[in-house]
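If you want the building blocks of each chain, they are given just below.
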Amino acid sequence: MANVKISQLPAATLPLVGTELVPVVQGGVTDRTTVAAFTTATAGYMPSGTGAVARSVASKLGEIVSVKDFGAVGDGVTDDTVAFQAAIDYIYTLGGGTVRFNDRYLIDSNLMIKDYVSLQGPLGLPDEILPRTAADYDGKIGVLVLNSSATITTNDSASIGHCVIIRKGLDLPFVDAVAAAAGIAAFSGTALTVAGTGCYFHHLLILGFGKAIYSTGFERVRCQYVSGDCTNGVEINNCADVSYMTNCHFWPYTTVHQTWTTNALLRRTGTSYTFS
């Protein structure tokens, strides 16, 4: 197709596969190369500073693994368990590392954080939302909406942090005392289950479960800046070595500071911390 302006050419069929030809003007002479070669030559990353070396953008981006790289949707409705597990499994094959997520994700079945893998959200330290009438925790980002029939299991030296874990079906804020009483009665399931040594839970807000964290028979469970409103908080049994609990706080987050709140609605029937 000779003597035709680029603007007059038909649109290319996407996605490109890399073998397509593109024109390149060098020193006033028009040459050709492939899309793949052009991308490789031009897509680079070069930080400023003494000793810096050039890298490809692909290499730079590869340092950060997101669940969206594995197909997670993040709308809070679509079940993203498979995508989360795929991202975790990939990092595990590399010997460990961090999987990151933003947005709001439904975890509708069991999820396993494997050895030396860290699952990290975007939040600094999630805590109470004020005013309470706007406390729509499940509408924020950095939220895992977890089915009460499922649990997130942590293997050796695995960790999870910087996010909110809320039970699926917990609709906040409660509109009145009747809704609050029904909501509290529906607290169920276990959010996090320890299945290895040296697990680390940090900067978490856990809402609406029968139990927030459960461990039996594993050493050195570490909980730091873990808050929540559940029937029971943290239970650690048969720990053959020291476990660590720092700046943790279980409190009636879902019912406090409301005009309809009563003393009964501020109480939970379980135990915040159990060590045996």
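Residues numbered from 1 in each chain as written. Predicted model: local features only at pLDDT ≥ 70, side-chain atom pairs only at ≥ 80, totals over all residues. Heavy atoms only, no water.

### A look at the nonpolar core
The condition that has to hold: Note on terminology: a nonpolar core comprises buried Ala, Val, Leu, Ile, Met, Phe, Trp, Tyr and Cys residues joined through side-chain atoms within 4.5 Å. Only protein chains enter the accessibility calculation, which uses a 1.4 Å probe; a residue is then buried when its area is under 20% of its type maximum, exposed when over 50%, and partly exposed in between. Strands are runs of DSSP state E lasting at least two residues, helices are runs of H or I lasting at least four, and both sets are numbered from the N terminus onward. Residues count as neighbours in contact if any of their non-hydrogen atoms are within 4.5 Å of one another.
Ranked by internal contacts, the top residues of the largest apolar core, which has 42 residues, are L144, I160, I165, L192, F201, I206 and I213. A total of 5 residues in this core trace back to one element, the largest contributor, which is helix α3 (residues 81–93). What I165 contacts, discounting residues up to four positions off in sequence, is L144, L146, I160, A191, L192, L204, L205, I206, L207 and F209.

### Description of the pattern of salt bridges
Definition in use: Any carboxyl oxygen of Asp or Glu within 4 Å of a side-chain nitrogen of Lys or Arg constitutes a salt bridge here.
Inspection of every chain in the model, using the stated rule, returns 7 salt bridges. In this structure, the salt-bridge partner of R104 is D138, at a minimum N-O distance of 3.9 Å. Taken together, the residues R104 in strand β8 (residues 104–107) and D138 in the loop between β10 (117–120) and β11 (143–146) connect sequence positions 34 residues apart. Judged by its relative accessible area of 22%, R104 falls in the partly exposed class. R220 is the partner of D241 in a salt bridge, and the nearest nitrogen-oxygen pair spans 2.8 Å. Of this pair, D241 sits in the loop between β18 (232–237) and β19 (244–246) while R220 sits in the loop between β16 (211–216) and β17 (222–229), and the two are 21 residues apart along the sequence. Classification of R220 by relative accessible area gives partly exposed; the value is 29%.

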